[in-house]
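# Structural overview for review
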Amino acid sequence: MSREKYLTLNKASGPNSSAKAEPFVRVIALIATLGGLLFGYDTGVISGALLFMGGELHLTPFTTGLVTSSLLFGAAFGALLSGHCAAAIGRRRIILVLAIIFAIGALGTSLAPDVEWMIIFRVILGVAVGGASATVPVYIAEIAPANKRGQFVTLQELMIVSGQMLAFMSNAGFNAAWGGDTTWRWMLAVATVPAVLLWFGMLFMPDTPRWYAMKGRLAEARKVLERTRAKQDVEWELTEIEETLSEEQEKQKPRLRELRKPWLFRLFWIGMGIAMIQQLTGVNTIMYYAPTMLKSVGMDDSASLFATIANGVISVLMTFVGIWLLGKIGRRTMTMIGQFGCTACLVFIGTVSYLMPESINGQPDILRSYMVLLGMLLFLSFQQGALSPVTWLLLSEIFPTRLRGIFMGGAVFALWISNFLIALMFPVLLASVGLAGTFFIFAVIGILGAIFVVTCVPETRDRSLEQIEHYLHEWLSPNEAEQVTLSQPVKRTS
């Protein structure tokens, strides 16, 4: 009998529960995901600001890539640092610190006198973005009830794309009303407002019951569970958390040296792979450089900014679709749909850019411009409707409770380093091999990512976090007497 089957046999509890989410859980998720809104706004706003800051800051193709990617470099280390600190000081305190860093970074970039200071403050802002990306999904996954975890964790992705859409609308609005050349600094400064709201809101939120239990503070863990769970689930979940933590070695302080255990080493690499494939599709070249790309295929500044709003709207709408799908199909299936769809769209954009002429009778080929835009929108439908939501959900689920902060930080570090390298190199690739060549390169990477998804991504739907830990331990431990399959579903008890 699989070890995970010893857990959650009561059909009224955990993943099998039919209880509705408590209102307090919704409040916590809404406030915590302001970190996702800031994540989205700060990564999206640069797409429009780049069109106007170039003259004042004397940007070249390389420094353009550096300004964009410096945030991502900071994000990689913000994720790593927050992951190491989360187990020690708690998820809530990490988010409070990140809110302050968000505000400092937003104000600093809006006041930067030259490209050097812009890069410094973009790195600082990146520390907050990376920290939020590693901490907020874990915070929500540990707060949310098991039967609603998928929907609540993917609220983070909804807030990210909503923040990006707001950034695109803000860019177009400032440009239309006052001209981007004089207002690009205001585009960057607006992010201070949600940073203050995040800090103030988190002052009144609790930490997670799993963190309290890990620190031996069981009375506080019970108190949080009583406010966030149906009555019949409180005792069961507290018992499950205690039992799973007691199985781990004498509650030692989490250390990366535990990667010497083969199953944890394999799990860590799978987590990094899941994080990296989300970025290696090239999604953020579209989110960061969409106006630049659309200008390169014939649109003017205003048209490219307004067209980019369509990217934001599609991202938000498809994230709602993704949240709905997570309640209907498995994580593994959804990852495959997203990866295969994104790769096909990359091939489409590359083919259109290669086969259609850049100009007709000396004028830019508008049809080519709109075909590229169509390819972007189709790509974002698969990315934001499937791949991105399930990526953040899987990362928040697959790591063991005691090591979740450290492993999540390492995986998200890999995500942001991938993002950094792509954002840094994209302007250079665009200038050297053109739009078609760039997207064909991403398509080849996408095919390799699809192979990884088919061979390595597990199914975690309908399992509590503790069940997932037992399931993955069995699957990744070659010496276990009984092996489980990669996509083995959990049968609901009756």
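All figures in this text were calculated on a predicted structure; none of them were measured in a lab.

### A word on helix α5 (residues 115–143)
- Taking 1.5 Å of rise per residue, 29 residues should cover 42 Å, and α5 covers 41 Å from first to last C-alpha, within 8% of that figure.
- When the local axis directions of α5 are compared, the greatest deviation, roughly 30 degrees, occurs at alanine 132.
- The N-terminus of α5 is capped by aspartate 114, whose side-chain oxygen sits 3.2 Å from the backbone nitrogen of glutamate 116.

### Quick notes on the confidence of the model for the protein chain
- On average, residues of the protein chain carry a pLDDT of 83, and 89% of them reach 70 or more.
- Below pLDDT 50 for its whole length, residues 1–13 participates in 39 contacts with residues either more than four positions away or in separate chains.

### Some words on a nonpolar patch on the surface
- A surface patch of nonpolar side chains, about 590 Å² in accessible area, is lined by Ile100, Ile104, Trp199, Phe200, Leu203 and Phe204.
- Along the chain, the position of isoleucine 100 falls in helix α4 (residues 91–111).

### Overview of the environment of leucine 435
- Residue placement: leucine 435 occurs in helix α18 (residues 404–456).
- Residue classification places leucine 435 among the buried residues on the basis of a relative accessible area of 8%.
- In the structure, leucine 435 is positioned 81 residues away from tyrosine 354 in sequence and 8.0 Å away in space, judged by C-alpha atoms.

### A word on the packing of helix α7 (residues 155–178) against helix α17 (residues 366–397)
- Packing of α7 against α17 leaves a shortest axis separation of 9 Å and a crossing angle of 125 degrees. Considered as vectors, α7 and α17 are oriented oblique to each other. Of α17, the residues touching α7 (which contributes Glu157, Ile160, Val161 and Gln164) are Gln384, Ser388, Pro389 and Trp392.
- Among the residues forming the contact of α7 with α17, the class breakdown is four nonpolar, three polar and one charged.

### Comments concerning unusual backbone geometry
- The phi dihedral of histidine 58 is positive, around 55 degrees, even though this residue is not glycine.
- Mapping histidine 58 onto the fold places it in the loop between α2 (34–57) and α3 (61–89).

### Points about the pattern of salt bridges
- Per the counting criterion, the structure on display carries 10 salt bridges.
- With a shortest N-O distance of 3.2 Å, glutamate 237 and arginine 210 are connected by a salt bridge. Here arginine 210 lies in helix α10 (residues 209–214) and glutamate 237 lies in helix α12 (residues 231–247), a separation of 27 residues in the sequence. Each member of the pair glutamate 237 and arginine 210 is classed as buried.
- Measuring nitrogen to oxygen at the nearest pair gives 2.7 Å for the salt bridge that ties arginine 217 to glutamate 220.
- Owing to a relative accessible area of 30%, arginine 217 belongs among the partly exposed residues under this scheme.
- Taken together, the shared-partner salt bridges in this structure form one network comprising Arg210, Arg229, Glu237 and Glu466.

Procedures and definitions
- Residues numbered from 1 in each chain as written.
- Predicted model: local features only at pLDDT ≥ 70, side-chain atom pairs only at ≥ 80, totals over all residues.
- Heavy atoms only, no water.
- Helix = DSSP H or I, 4+ residues; strand = E, 2+ residues; numbered from the N terminus.
- Expected span 1.5 Å × (residues − 1).
- Bend = angle between axes of the 7 residues up to and from the residue.
- Polar contact = N/O pair within 3.5 Å; in protein donor to acceptor, adjacent residues only side chain to side chain.
- pLDDT = per-residue confidence, 0-100.
- Contact = heavy atoms within 4.5 Å.
- Patch = residues over 30% accessible without salt bridge, like charges linked within 9 Å, V, L, I, M, F, W, Y side chains within 5 Å.
- Areas by Shrake-Rupley, 256 points an atom, 1.4 Å probe, with all protein chains shown as cover.
- Salt bridge = Lys/Arg side-chain N within 4 Å of Asp/Glu carboxyl O.
- Buried < 20%, exposed > 50% of the residue type's maximum accessible area, 1.4 Å probe, protein only.
- Axes fitted to C-alpha atoms, helices over the stretch in contact; angles between N-to-C directions.
- Parallel < 35°, antiparallel > 145°, perpendicular 65-115°, else oblique.
- Nonpolar A, V, L, I, M, F, W, Y, C, P; charged D, E, K, R; others polar.

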